[in-house]
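Chain by chain, the residues:
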Amino acid sequence: MSGVIEEGGITPEKKRLDIKKLLKSVLAFNSSDLHLVVGSEPQIRIDKELRALNLPLLDAKDVETMAYSLIEDKQKKEFEEKNELDFSFEIQEVGRFRANYYRTIHGIACAFRMIPIDIPTLDEYENPPIFKELIKKEKGLILVTGPTGSGKSTTLASMLHEINMTERRHIITIEDPVEFVHKNNKSLFSQRNVGSNTASFAVALKYALRQDPDIILIGEMRDAETIGAALSAAETGHLVFGTLHTNSAPGTINRIIDVFEGEEQAQIRAQLASSLVAVISQTLIPKIGSGKVATQEILITNPAIQNLIREDKVHQIYSQMQLNQQETKMTTQAQELLEYVEKNIISKENAIKNSNRPEELMNILGNF
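Parameters at a glance
- Residues numbered from 1 in each chain as written.
- Predicted model: local features only at pLDDT ≥ 70, side-chain atom pairs only at ≥ 80, totals over all residues.
- Heavy atoms only, no water.
- Helix = DSSP H or I, 4+ residues; strand = E, 2+ residues; numbered from the N terminus.
- Buried < 20%, exposed > 50% of the residue type's maximum accessible area, 1.4 Å probe, protein only.
- Contact = heavy atoms within 4.5 Å.
- Areas by Shrake-Rupley, 256 points an atom, 1.4 Å probe, with all protein chains shown as cover.
- Lys, Arg positive; Asp, Glu negative; His and termini not counted.
- Charge placed at Lys NZ, Arg CZ, Asp CG, Glu CD.
- Core = buried A, V, L, I, M, F, W, Y, C linked by side-chain atoms within 4.5 Å.
- Pairing = 2+ DSSP bridges.
- Axes fitted to C-alpha atoms, helices over the stretch in contact; angles between N-to-C directions.

**Student:** Explain the overall build of the protein here, please?
**Tutor:** Across its full length, the protein holds 15 helices and 15 strands. Across its three principal directions, the C-alpha atoms of the protein cover 80 × 60 × 40 Å. Put simply, the protein has 368 residues, and 49% of those count as buried. Of the contacts made within the protein by residues no fewer than 6 positions apart, 55% connect residues no fewer than 24 positions apart. Of the roughly 18700 Å² of accessible surface on the protein, 46% is carried by carbon and sulfur atoms. Averaging the locations of the 42 positively and 51 negatively charged side chains of the protein gives two centres separated by 3 Å.

Given below as C-alpha cells:
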C-alpha cells in the first residue's frame, strides 16, 4: 500500500484528476472552453461565463500531470524552453481541441477550446446568403475578423466546407495550430501546422504559390511579411482567406495599413484596394435564456470603397457601408444588434456592451 504518513497513520495518496474526463465535461455541458489553473477548481466556459466544476482545487502537480499526459517529448521540450505551447489534438469519442499551455507564478496553466469534428454548413449557422456568393470568387482577399472567441475559425471552416461540397479546388490551410480537419470531398485539402509542418506563416505562403493552390487559408495575419505575401497571392489569381483580431470592418483596413512603415503604406493601400473582396467582422453575444448568436458586420468592396482605401479616406468607409444596402449587401454591426434586440434574441444591455460603436447604438435604441 502506497501513501503518505501523517498523524494518525497512513493516508492514501491524493487521487489525480483524469484530463480526458474533464474534457468530456466540456462536451457534456455544451461549453466552449476548459481552464486548468493552480489554486482553482477546473472551470468551463458556458455562454461567455466561466463556471467552476464541483471538484477539488488544483495543485501544481495536478495540472502538470494532466498537461504532460497529452503531449509528446518534443512538445514538452518546446514548452519547457519557451513557456508557451499551442497545439491541437483529438480524443476518440470525445472531440477535437485546441490547447494552449502557459506558465503562471504558481505553475503550469492550460486552456482548451472545443472544436467540432463535424463542420457546420453555412446554412446550419444561418449565415447570410452573401457568403455563398463570396466563396465563388476566383481570386481576392476575404477577411474574417473579431476578438478571441468570436467564432472566426468556425465561420471560415464553414466557408471552406461549402467550397468542399460544391467546387473542385486545391485548398491549402496554414494554421497555428490546425483546428478544423477537413475531409476531401470534391476539393483537395493540404493542411499545415506552423511549427511542425512549416517554419512560419510567411515561409509557408512563399512556397504555397508553388503548390498549385486555388485557395489559401491563413490562420492569422500577424506581421507585415505575412500580410504582404497574402496580398500578393490574392493579386496573382488566388482566393485567400485570413483572420485578424479587429472589431470592425473599417478598423481591419486600418490595422493592415498600419502594420507597414510610412513609405510602404501607399503601395499597400493600392494592393488592398485592388485585392480586397470582403471583411466580415464578427462578435458572439449571449442570447436571452442561453446560447450565443453571431453578429456580423459585412463590408463588400465596390468601386467607391476601393477609392476610399486608395485615397487614404478609410474613416469614410463606415458611412459608405450604410448606403444602398439592398444593392451592396453590406451591413453594420449596429443594424445587426438593433435587429436582435427588436426580436428579443439579445438584451439591450448586452447589445450595448458588445457594440463597437456604443454611443451610436444607444441613440438608435433610444427608449426601446
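Alright, that's what it looks like, and here's the rest.
**Student:** Quick question: what am I supposed to make of the nonpolar core here?
**Tutor:** In summary, soluble globular proteins display a tendency toward joint burial of nonpolar side chains. Among the nonpolar cores identified, the biggest contains 59 residues, and M159, F241, I253, L272, L299 and I317 are the most heavily contacted of them. F241 has contacts with I135, I142, L156, M159, L160, I163, I215, I216, L217 and I218, leaving out every residue within four places of it along the chain. In terms of nonpolar packing, the next biggest core, distinct from the first, is built from 30 residues, F87, I108, F112 and M114 among them.

**Student:** Looking at this structure, I do not really get the sheet that holds strand β11 (residues 188–193). What am I missing?
**Tutor:** Strand pairing in a sheet is mediated by backbone hydrogen bonds. Such pairs are either parallel or antiparallel. Pairing in this open sheet of seven strands is mixed, and the strands run β11-β10-β12-β13-β9-β14-β15 from one edge to the other. Each edge of the open sheet carries a strand with a single partner, namely β11 and β15 (292–300). Within this sheet the neighbouring strands show an average axis-to-axis angle of 15°, counted without direction. Here four bridges tie strand β12 (residues 215–218) to strand β13 (residues 239–244), and the two strands are oriented parallel to one another. The residue of β13 that forms the bridge with L217 is F241.

**Student:** So what exactly am I meant to see when it comes to the side chain of S31 here?
**Tutor:** Tracing the backbone shows S31 in the loop between α1 (19–28) and β3 (33–36). According to the relative accessible area criterion, S31 is buried, its value standing at 9%. Discounting chain neighbours no more than four positions away, the residues touching S31 are S25, V26, I44, R45, I46 and M114.

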